[in-house]
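# Descriptive structure summary
One letter stands for each residue in the lines below.
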Amino acid sequence: MTVLTTTKATGRPSGALPPAARRARRRGAALGLLAWVAGLLFCVPALWMLLTSLHSEPDAATSPPSLAAPLTLDGYRAFFGAEPWAPLLNSLMASVFSTLLVLLLALPAAYALSIRRVEKWTDVMFFFLSTKMLPVIAGLLPVYLFAKNSGLLDNIWLLVLLYTSMNLPIAVWMLQSFLADVPVSIIEAARVDGARLPTVLARVIAPVTAPGIAATALICTIFSWNEMLFARVLTGVRAETAPVFLTSFVTSQGLFLAQMCAASVVVSLPVLAAGFAAQDKLVQGLSLGAVK
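Everything in this summary refers to the structure shown in the same document. (Residues numbered from 1 in each chain as written. Predicted model: local features only at pLDDT ≥ 70, side-chain atom pairs only at ≥ 80, totals over all residues. Heavy atoms only, no water.)

## Considerations on the pattern of salt bridges
Going by this rule: Here a salt bridge means any side-chain nitrogen of Lys or Arg lying within 4 Å of a carboxyl oxygen belonging to Asp or Glu. A run of DSSP states H or I qualifies as a helix once it reaches four residues; a run of E qualifies as a strand once it reaches two. Both are numbered from the N-terminal end. Accessible area is worked out with a 1.4 Å probe on protein chains only. A residue is then buried under 20% of its type maximum, exposed over 50%, and partly exposed in between.
Under the criterion given, the structure shown has two salt bridges. In this structure, Arg238 and Asp154 form a salt bridge, with 3.7 Å as the shortest nitrogen-oxygen distance. On the criterion of sequence distance, the pair formed by Arg238 in the loop between α11 (229-234) and α12 (242-246) and Asp154 in the loop between α6 (140-149) and α7 (156-179) is long-range, its members being 84 residues apart. Judged by its relative accessible area of 63%, Arg238 is exposed. Looking at Asp154, the relative accessible area reads 17%, which means it is buried.

In structure tokens, the structure reads:
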């Protein structure tokens, strides 16, 4: 026989939660379930692509698709048989070098716009943002004519400069938000010790804002890795990138769906691995920029 004790103040059993706490718990459970459902829905296209990459071409092209079709690695064999190493290396070079240039330029700019604010710094921030308002296709022809006249067509370093200029505004905006939370006292202490600006940026600002820098670097790397329009128009054979290489599976003979899905899985793995490796700093950095 169970005996329930009650509190004198409320008359409820001592182990029972108040109604407001029970409602909050149910609401939290419902939101958690909703978050799991939304996360699974976001993963469905990627999982479907992975499943399709493991089917043969006839099974991948059936409509409706067959989930019970036998699995095979023919799509991956065809992808690696097409020698994708040069495009993958070009994408890696363009992404890594452009991201390094972006960080080297964006960190001092964000320092001047957040800690040692220049005159009319809000106008400068709006100017950076306004550069992202121009449709990419509108700047394609001038860039192509410049590359043609300067002999830079099919040159990976042209893509590095383009990706640097394209990602610099978003990097400055993100880093400015992160640096705004850096205590000015530690910077003044470093200056009292005789540290110059490069030393302050490298040994004081960078360690404190490491999560924000990591989040900015990862986003810029993903943008550079996935860019295809400029790479499609400005490159040919030597500087072909991985997204451009994916279009080679759409031929006059038809769409090789299983091979394209296999190629998409392989091309997506580097950025997925980078995001997984830096997920803790990515979450910290995005939270640092969003919560003041």
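## What to know about the environment of Val250
Within the secondary structure layout, Val250 lies in strand β1 (residues 250-251). Counting along the chain gives ten residues from Val250 to Met260, while the straight-line C-alpha distance between them is 8.2 Å.

## Quick look at the packing of aromatic side chains
Convention followed: In summary, the pairing rule links any two rings of Phe, Tyr or Trp, Trp by its six-membered ring, whose centres are within 6.5 Å, and it sorts them by plane angle into stacked for under 30 degrees, edge-to-face for over 60 and tilted for everything else.
Taken as a whole and judged by the stated rule, the model has six aromatic pairs. Note on Phe97 and Trp157: the rings are 5.3 Å apart at their centroids and 55° apart in plane angle, and the pair reads as tilted. Within this pair, whereas Phe97 is found in helix α4 (residues 85-114), its partner Trp157 is found in helix α7, the two being separated by 60 residues in sequence. Three or more aromatic residues link up through ring pairs in this structure, and these residues are Phe79, Phe80, Trp85, Phe245 and Phe249.

## Things to note about α6
For clarity, the threshold we go by: To be clear, the arc concerns the directions from the helix axis to the C-beta atoms. It only takes one pair of heavy atoms within 4.5 Å for two residues to be counted as in contact.
Of the positions making up α6, those classed as buried are Leu140, Val143 and Ala147. Down the axis of α6, the buried set is contained in an arc of 70°. They therefore lie on one face. Away from its buried face by more than 90 degrees, α6 exposes Leu141, Phe146, Lys148 and Asn149. The inward-facing, buried residues of α6 abut α7 and α11. Gly151 sits one or two residues past α6 and shows a positive phi near 70°.

## Some points on the layout of surface pockets
To keep things clear, this is the line we draw: Site definitions follow a grid-based scheme: protein atoms alone, a 1 Å grid, a 1.4 Å probe that fits but cannot get out for cavities, and for pockets an open set with protein on both sides within 12 Å along at least five of seven lines, plus lining residues having an atom within 4 Å of a point. Grid points are joined across faces, edges and corners, and a volume is the space filled by probe spheres set on the points. Gly counts as polar in this scheme, as do all residues outside two lists: the nonpolar Ala, Val, Leu, Ile, Met, Phe, Trp, Tyr, Cys and Pro, and the charged Asp, Glu, Lys and Arg.
Here the largest pocket defines a volume of roughly 350 Å³. Every residue lining the largest pocket is counted, 14 residues in all, and those nearest its centre are Thr131, Lys132, Leu134, Ser165 and Met166. It is α7 that provides the largest number of residues to the lining of the largest pocket, a total of five residues. Residue classes in the lining of the largest pocket are distributed as ten nonpolar, three polar and one charged. Empty space within the second largest pocket amounts to approximately 240 Å³. Around the second largest pocket sit Ala46, Leu47, Met49, Leu50, Val265, Ser268, Leu269, Val271 and Leu272, which together line it. Looking at the lining of the second largest pocket, the elements that each hand over two or more residues are α1 (19-53) and α13 (257-277).

## Let's talk about the nonpolar core
Applied cut-off: Residues grouped as a nonpolar core are buried Ala, Val, Leu, Ile, Met, Phe, Trp, Tyr and Cys residues, joined through side-chain atoms within 4.5 Å.
Ranked by internal contacts, the top residues of the largest apolar core, which has 28 residues, are Ile187 and Ile205. Counting residues per element, the ones that place at least two in this core are α4, α5 (121-130), α7, α8 (184-192), α9 (197-208) and α10 (210-226). Ile187 has contacts with Tyr111, Ile115, Val182, Val200, Val204 and Ile205, leaving out every residue within four places of it along the chain.

## Notes on the environment of Val266
When you line up the elements, Val266 lands in helix α13. A residue is classified by how much of its surface remains accessible, and Val266, at 12% relative accessible area, is buried. When the C-alpha atoms of Val266 and Leu88 are compared, they prove to be 9.7 Å apart, with 178 residues separating the residues in sequence. Those residues in contact with Val266, other than ones at most four positions away along the chain, are Tyr76, Phe79 and Phe80.

## Let's talk about unusual backbone geometry
A positive phi angle, close to 55°, is found at Glu83, a residue other than glycine. Relative to the helices and strands, Glu83 resides in the loop between α3 (74-81) and α4. When its relative accessible area of 60% is taken as the criterion, Glu83 is described as exposed. Backbone geometry at Asp154 places phi at a positive 60°, although glycine is not the residue there.

## Things to note about the packing of α1 against α13
To characterise two packed helices, one gives the angle between the axes of the helices and the distance between these axes. The cut-off we apply is this: Only the contacting stretch of a helix is used when fitting its axis, a line to C-alpha atoms as for every element, and angles between N-to-C directions run 0 to 180 degrees. Roughly parallel covers angles under 35 degrees, roughly antiparallel covers those over 145, roughly perpendicular covers 65 to 115, and oblique covers all other angles. In this scheme the crossing of two helices becomes right-handed for a clockwise turn of the near helix relative to the far one and left-handed for an anticlockwise turn of less than a right angle.
Across the interface, α1 lies against α13 with an axial gap of 7 Å and an inter-helix angle of 125°. The pairing of α1 with α13 is recorded here as oblique in orientation. Judged by the twist between their axes, the crossing of α1 over α13 is left-handed. Between α1, through Met49, Leu50, Thr52 and Ser53, and α13, the contact on the second element is made entirely by Leu257, Ala258, Cys261, Ala262, Ser264 and Val265. Within the contact of α1 with α13, the residues separate by chemical class into seven nonpolar, three polar and no charged.

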